[in-house]
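Here are the chains, one letter per residue:
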Amino acid sequence: VITNTPLIREKPYLYVDGNNNFFVMVPNLAPNSSGTTWASGPTPGVSISISQFYLAQPGVDNAGTINAALEAGQNLILTPGIYNLTNSILVTRPDTIVMGLGYPTLVPTNGNPAMVISDVDGVKVSGIIFDAGTTASPSLLEAGTATSSVDHSADPICLYDICSRIGGETKGATSNCVTINANNVIGDNLWLWRADHGNSGTVGWTKNPSKSGLVVNGNNVTIYGLFVEHHQQYQTLWNGNGGRVYFYQSEFPYDPPSQNAWSEDRKSI
């Protein structure tokens, strides 16, 4: 039991002012916090005009158009729907905001990660479903492309309300749902699920393979609310030092065909 939250930045949110202008509020990083952010007045933070966001649309946008907007310095709002991605969405600029509205779904279709965040300060990604494609990806979401000594404690990468799914609706495969290589990342509500029920054509030990839900290689990573279920090797593999998890829920896979098929030293998945 803890009295105060050691370090958190509340999720960015969309709001409208008195003149019907849209903004995104980005709350400040808060150490040792307790209670609501608005108890003593408006939430401390920075407001960003909607004009600084690219509004992506399913069926219209792809990784190319989205990456072009990000490279031009815009933030990103993904409107509801399914985005099939032959290449990764690349978030390379510090403090970029990527917001999903209505839980948009990103599906990698070419064995690529759906999204890769560079090893930079302050990126914020929220409200997205990462759904595995039929060609196996190394990860669906990567935060940091390789382990490094870069310290992001003053302005950490933040991941909010992230869902991953392998199988269930369509066939899918991945090695890991989420891989965190960067240091000081904060996660707030991650649900990383390999399907154990759903469409019978998309669920089964060999039909929707996934080694791990979460792999953490970075140091000083903190996650609040981590849910990881039914993966075929490790549910969570935490290699980094100084990590913290507040509330963890996990289930082993229900469908191994034999004990030999699911054991620690098995390397063939």
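The following refers to the structure shown. Please read all numbers here as calculations on a predicted model, not as lab measurements.

**Things to note about the nonpolar core**
Then comes step 1: Ranked by internal contacts, the top residues of the largest apolar core, which has 41 residues, are Leu-106, Met-115 and Ile-180.
Then comes step 2: Not counting chain neighbours up to four residues away, the residues in contact with Met-115 comprise Ile-89, Val-91, Val-98, Leu-106, Val-125, Ile-128, Phe-130, Leu-140, Leu-141 and Glu-142.
Then comes step 3: Core analysis: the second largest hydrophobic core is formed by 7 residues, Val-26, Ile-48, Phe-53 and Ile-97 among them.

**Quick look at the pairing of strand β7 (residues 75-78)**
Then comes step 1: Residues Asn-75 and Ile-77 line one face of β7 and the alternating positions Leu-76 and Leu-78 line the opposite face, and both faces are buried.
Then comes step 2: As judged from the 4 bridges shared by strand β6 (residues 53-56) and β7, these two strands associate in the parallel manner. In the strand pairing of β7, Phe-53 is matched with Asn-75.
Then comes step 3: In the classification by handedness, the crossover that spans β6, the intervening helix α1 (residues 63-71) and the parallel β7 is right-handed.
Then comes step 4: Taken together, the 3 bridges between β7 and strand β10 (residues 97-100) define a ladder with parallel strand orientation.

**Focus: the pairing of strand β17 (residues 186-194)**
Then comes step 1: As judged from the 8 bridges shared by strand β15 (residues 158-166) and β17, these two strands associate in the parallel manner. Considered in β17, the bridge of Arg-165 is made with Trp-193.
Then comes step 2: Looking at chain direction, β17 and strand β19 (residues 222-229) are connected through 7 bridges and run parallel. When the bridges of β19 are listed, Trp-193 appears paired with Glu-229.

**Quick word on the packing of aromatic side chains**
Then comes step 1: Within this structure, the stated rule accounts for 6 aromatic pairs.
Then comes step 2: Measuring from centroid to centroid gives 5.2 Å for Tyr-224 and Tyr-246, while their planes differ by 20 degrees, and the two rings are stacked. Of this pair, Tyr-224 sits in strand β19 while Tyr-246 sits in strand β21 (residues 244-251), and the two are 22 residues apart along the sequence.
Then comes step 3: On the basis of relative accessibility, which here comes to 25%, the residue Tyr-246 falls in the partly exposed class.
Then comes step 4: With 5.3 Å between their ring centres and 55 degrees between their planes, Phe-252 and Trp-262 make a pair best called tilted. You can see Phe-252 sitting in the segment after β21 and its partner Trp-262 sitting in the segment after β21, a full 10 residues away along the chain.
Then comes step 5: With a relative accessible area of 23%, Trp-262 lands in the partly exposed category.

What counts, and at which threshold
- Residues numbered from 1 in each chain as written.
- Predicted model: local features only at pLDDT ≥ 70, side-chain atom pairs only at ≥ 80, totals over all residues.
- Heavy atoms only, no water.
- Core = buried A, V, L, I, M, F, W, Y, C linked by side-chain atoms within 4.5 Å.
- Buried < 20%, exposed > 50% of the residue type's maximum accessible area, 1.4 Å probe, protein only.
- Contact = heavy atoms within 4.5 Å.
- Helix = DSSP H or I, 4+ residues; strand = E, 2+ residues; numbered from the N terminus.
- Pairing = 2+ DSSP bridges.
- Right-handed = clockwise from strand over helix to strand, strands pointing away.
- Phe/Tyr/Trp six-rings, centres within 6.5 Å; stacked < 30°, edge-to-face > 60°.

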